[in-house]
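Here's the letter readout for the chains.
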Amino acid sequence: VIDSLGYKRMGYFVLPERAWRANFYEPLGKRLKKLYGKYHENEDAIELLDLVKLEIDIYQKYHDYYGYVFFIMQNQKN
């Protein structure tokens with residue numbers, strides 16, 4: 001895909017589980033609790049918060065099966 005879009009892959013790195021769990025999902029989960037309380041009467045907000053919680057739940061359940069990779073690319077079109 002990278003090549004087909006006119007980029008050259010220069011490198012990549014996989015983010016460790018700790019980066020997502022300790023630095024993202026755990027603080028986000030704590031914040032969600034406060035937001036549920038703040039917006040408990042707002043159906044649209046609750047629907048959005050439920051989607052964020054679902055993402056956290058999916059990561060907790062399936063983190064052994066997927067991860068996050070960042071690719072470093074160079075534009076070859078210029």
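This text goes with the structure placed above it.
For the structure given in this document, a descriptive report is provided here. Not measured: the values here are computed from a predicted model.

1. Re helix H2 (residues 43–62)
For H2, with 20 residues, the first-to-last C-alpha span of 28 Å sits near the 28 Å given by 1.5 Å per residue. Here H2 has its buried residues at Ala-45, Ile-46, Leu-49, Ile-56 and Tyr-59. Along H2, the residues classed as buried sweep out an arc of 140° about the axis, all on the same side. Exposed and oriented more than 90 degrees from the buried face of H2 are Glu-43, Asp-44, Glu-47, Leu-51 and Lys-61. The inward-facing, buried residues of H2 contact helix H1 (17–38).

2. Observations concerning the packing of H1 against H2
Packing of H1 against H2 leaves a shortest axis separation of 10 Å and a crossing angle of 150°. One element, H1, and the other, H2, form an angle in the roughly antiparallel class. Crossing geometry of H1 relative to H2 is assigned as left-handed. Mapping the contact onto sequence places Glu-17, Trp-20, Arg-21, Phe-24, Tyr-25, Leu-28, Gly-29, Leu-32, Leu-35 and Tyr-36 in H1 and Ile-46, Leu-49, Asp-50, Val-52, Lys-53, Glu-55, Ile-56, Tyr-59 and Gln-60 in H2. Looking at the contact of H1 with H2 residue by residue, the class counts come to twelve nonpolar, two polar and five charged.

3. Some remarks on a negative patch on the surface
Where like charges cluster on the molecular surface, the negative patch consists of Glu-43, Asp-44, Glu-47 and Asp-50. We classify Glu-43 as exposed; its relative accessible area is 70%.

4. Comments concerning the pattern of salt bridges
If charged atoms from side chains of opposite charge come close, those side chains can pair. Tallied over the full model, the rule gives two salt bridges. One salt bridge in this structure joins Arg-21 and Glu-17, with 2.8 Å as the shortest N-O distance. You can see Arg-21 and its partner Glu-17 sitting in helix H1, four residues apart, about one turn around the helix. A relative accessible area of 35% places Glu-17 in the partly exposed class. For the salt bridge of Asp-57 with Lys-53, the shortest nitrogen-to-oxygen distance reads 3.1 Å.

5. Description of a nonpolar patch on the surface
On the surface, a nonpolar cluster with roughly 780 Å² of combined accessible area is contributed by Val-1, Leu-5, Tyr-7, Tyr-12, Val-14, Val-69, Phe-71 and Met-73. With respect to the secondary-structure elements, Tyr-7 resides in strand S1 (residues 7–14).

6. Some details on the environment of Asn-23
Within the secondary structure, Asn-23 is located in helix H1. Note: C-alpha distance between Asn-23 and Tyr-59 (36 residues apart in sequence) is 13 Å.

Conventions and cut-offs
- What you see as residue numbers is a count from 1 along each chain, following the sequence as written.
- Local features are withheld for residues below a pLDDT of 70 in this predicted model, meaning they are given only at 70 or higher, and side-chain atom pairs are given and counted only at 80 or more; totals for whole chains, interfaces and linings count all residues.
- Hydrogens and water are ignored here; the side-chain numbers use all heavy atoms of the structure.
- In this text, helices come from DSSP runs of H or I with a minimum length of four residues, and strands from runs of E with a minimum of two, each type numbered from the N-terminal end.
- In this analysis, the expected span of each helix is defined as 1.5 Å times one less than the number of residues it contains.
- Note on exposure labels: buried denotes an accessible area under 20% of the residue type's maximum, exposed denotes more than 50%, and partly exposed covers the range between, all computed with a 1.4 Å probe on protein chains only.
- By arc we mean the arc of the directions from the helix axis to the C-beta atoms, nothing more.
- Any two residues whose heavy atoms approach within 4.5 Å at even a single point are treated as in contact.
- In this analysis, axes come from line fits to C-alpha atoms, helices being fitted only over the stretch in contact, and the angle between any two N-to-C directions falls in the range 0 to 180 degrees.
- Our angle categories are set so that under 35 degrees counts as roughly parallel, over 145 as roughly antiparallel, 65 to 115 as roughly perpendicular, and the remainder as oblique.
- Here a crossing is called left-handed whenever its near helix is offset anticlockwise from the far helix by less than a right angle, and right-handed whenever the offset is clockwise.
- Residues are grouped as follows: nonpolar covers Ala, Val, Leu, Ile, Met, Phe, Trp, Tyr, Cys and Pro; charged covers Asp, Glu, Lys and Arg; every other residue, Gly included, is treated as polar.
- Within the patch definition used here, like charges are joined within 9 Å and nonpolar side chains (Val, Leu, Ile, Met, Phe, Trp, Tyr) within 5 Å, considering only residues with over 30% relative accessible area and no salt bridge.
- Only the protein chains shown count as covering a residue, and every accessible area follows the Shrake-Rupley method with a 1.4 Å probe.
- Just to be clear on terms, a salt bridge is a Lys or Arg side-chain nitrogen sitting within 4 Å of an Asp or Glu carboxyl oxygen.
- Under the convention used here, Asp and Glu are negative, Lys and Arg are positive, and both His and the chain ends fall outside the count.
- Charged groups are reduced to one reference atom each: NZ for lysine, CZ for arginine, CG for aspartic acid, CD for glutamic acid.

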